[in-house]
Amino acid sequence: MDRRSPNSISTLPLERSGAPVPPAMLEGVVWRRVAAYLVDLLVIGVLIGAYAMLVFVPLTVVSFGLLAGLLSAVFGLIPLAYHVLLIGGSRSATLGQRLFDLRVMDLSGGRPDYIQAVVLCVLFYLTLMPTGLLLLFVFFNAQRRTLHDWFSGTIVVRGSAPA
């Protein structure tokens, strides 16, 4: 007797590579991604706050506001750098994703490179811009991939299979 719920996921091949993704690696990924991003927002907020207090305000005051425009650009680069450096790095996960046992893979099952991480991050923020409703795409495919996952050639999976 099959005790899986109607929404359970069977082993699915990734598009081009045919590498299987066991169902256990996709269980609970959606809620874990949401929780992980909330942690990431907190970390990014702390980084932005530290930059504002330690760099932006002092240099803006010292330069009588002349550097304010240039220094303001860094506020947008902090979230980009955070995601790209951590997802493209050796652990393939942001701090929030690590906390919730998630990692990002490319379609061959390996870790994404920095170019994929940039595409993933930029597309993520673009999907958030209108209303964030584009993120609901995750509920309409068996691999639980968002649009930015599809277009960057990545998938988010559990770091370890649940017991």
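It should be noted that the structure appears before, not after, this text.
Conventions adopted
Residues numbered from 1 in each chain as written. Predicted model: local features only at pLDDT ≥ 70, side-chain atom pairs only at ≥ 80, totals over all residues. Heavy atoms only, no water. Buried < 20%, exposed > 50% of the residue type's maximum accessible area, 1.4 Å probe, protein only. Helix = DSSP H or I, 4+ residues; strand = E, 2+ residues; numbered from the N terminus. Pairing = 2+ DSSP bridges. Expected span 1.5 Å × (residues − 1). Arc of directions from axis to C-beta. Polar contact = N/O pair within 3.5 Å; in protein donor to acceptor, adjacent residues only side chain to side chain. Phe/Tyr/Trp six-rings, centres within 6.5 Å; stacked < 30°, edge-to-face > 60°. 1 Å grid on protein atoms, 1.4 Å probe; cavity = no way out; pocket = protein on both sides within 12 Å on 5 of 7 lines; lining within 4 Å. Points joined across faces, edges and corners; volume = space filled by probe spheres on them. Nonpolar A, V, L, I, M, F, W, Y, C, P; charged D, E, K, R; others polar. Core = buried A, V, L, I, M, F, W, Y, C linked by side-chain atoms within 4.5 Å. Contact = heavy atoms within 4.5 Å. Salt bridge = Lys/Arg side-chain N within 4 Å of Asp/Glu carboxyl O.

Side note on the pairing of strand β3 (residues 102–106)
Next, step 1: The buried fraction of β3 is high, at 4 of 5 residues.
Next, step 2: In this sheet, strand β4 (residues 154–158) lies alongside β3 in antiparallel orientation, the contact comprising 5 bridges. Bridging from a neighbouring strand, Val104 pairs with Val156 of β4.

Side note on helix α4 (residues 114–128)
Next, step 1: Taking 1.5 Å per residue, 15 residues should reach 21 Å; α4 reaches 21 Å between its end C-alpha atoms and fits that length.
Next, step 2: Listed in full, the buried residues belonging to α4 are Gln116, Ala117, Leu120, Cys121, Phe124 and Thr127. Down the axis of α4, the buried side of the element spans an arc of 130°, and every buried residue falls inside it.
Next, step 3: At the N-terminal boundary of α4, the capping side chain belongs to Asp113, with an oxygen 3.1 Å from the backbone nitrogen of Ile115.

Re unusual backbone geometry
Next, step 1: One non-glycine residue with positive phi stands out, namely Phe64, at about 55°.
Next, step 2: A relative accessible area of 78% places Phe64 in the exposed class.
Next, step 3: In the Ramachandran plot, Ser92 falls in the positive-phi region, its phi being about 55° despite a non-glycine side chain.
Next, step 4: Relative to the elements of secondary structure, Ser92 occurs in the loop between α2 (68–87) and α3 (95–99).

Details of the packing of aromatic side chains
Next, step 1: Per the stated rule, a full pass over the model turns up 6 aromatic pairs.
Next, step 2: Both rings, one in Phe56 and one in Phe75, keep their centres 5.1 Å apart while their planes meet at 65°; by these two values the pair is edge-to-face. Here the residue Phe56 occupies a position in helix α1 (residues 29–62), and Phe75 occupies one in helix α2, the gap between them amounting to 19 residues.
Next, step 3: Taking the relative accessible area as the measure of exposure, Phe56 reaches 17% and is therefore buried.

Let's talk about the layout of surface pockets
Next, step 1: Size it by volume and the largest pocket reaches roughly 490 Å³.
Next, step 2: As for the largest pocket, its lining consists of 26 residues, and the residues nearest its centre are Arg33, Val34, Tyr37, Phe124 and His148.
Next, step 3: Contributing elements (two or more residues each) for the lining of the largest pocket: α1, α2, β3, α4 and α5 (147–152).
Next, step 4: Among the elements that take part in the lining of the largest pocket, α1 stands out by supplying 8 residues, more than any other.
Next, step 5: Considering only residue class, the lining of the largest pocket consists of 18 nonpolar, 5 polar and 3 charged.

Details of the nonpolar core
Next, step 1: Of all hydrophobic cores here, the largest spans 10 residues; its members are Val29, Ala36, Val84, Ile87, Leu102, Val104, Ala117, Leu120, Cys121 and Val156.
Next, step 2: Among the secondary structure elements, those contributing two or more residues to this core are α1, α2, β3 and α4.
Next, step 3: Broken down by element, this core gets its largest block of residues, 3 residues, from α4.
Next, step 4: Discounting residues that sit within four places of it in the chain, Val156 has contacts with Leu26, Val29, Arg33, Leu102, Arg103, Val104 and Asp149.
Next, step 5: If you look at the next biggest cluster of nonpolar residues, it comprises 6 residues, including Val21, Met105, Ile155 and Val157.

Considerations on the pattern of salt bridges
Next, step 1: Within this structure, the stated rule accounts for 1 salt bridge.
Next, step 2: Note that Asp149 and Arg33 form a salt bridge whose closest N and O atoms lie 2.7 Å from each other. Of this pair, Asp149 sits in helix α5 while Arg33 sits in helix α1; the two residues are 116 residues apart in sequence, bridging distant segments of the chain.
Next, step 3: Looking at Asp149, the relative accessible area reads 0%, which means it is buried.

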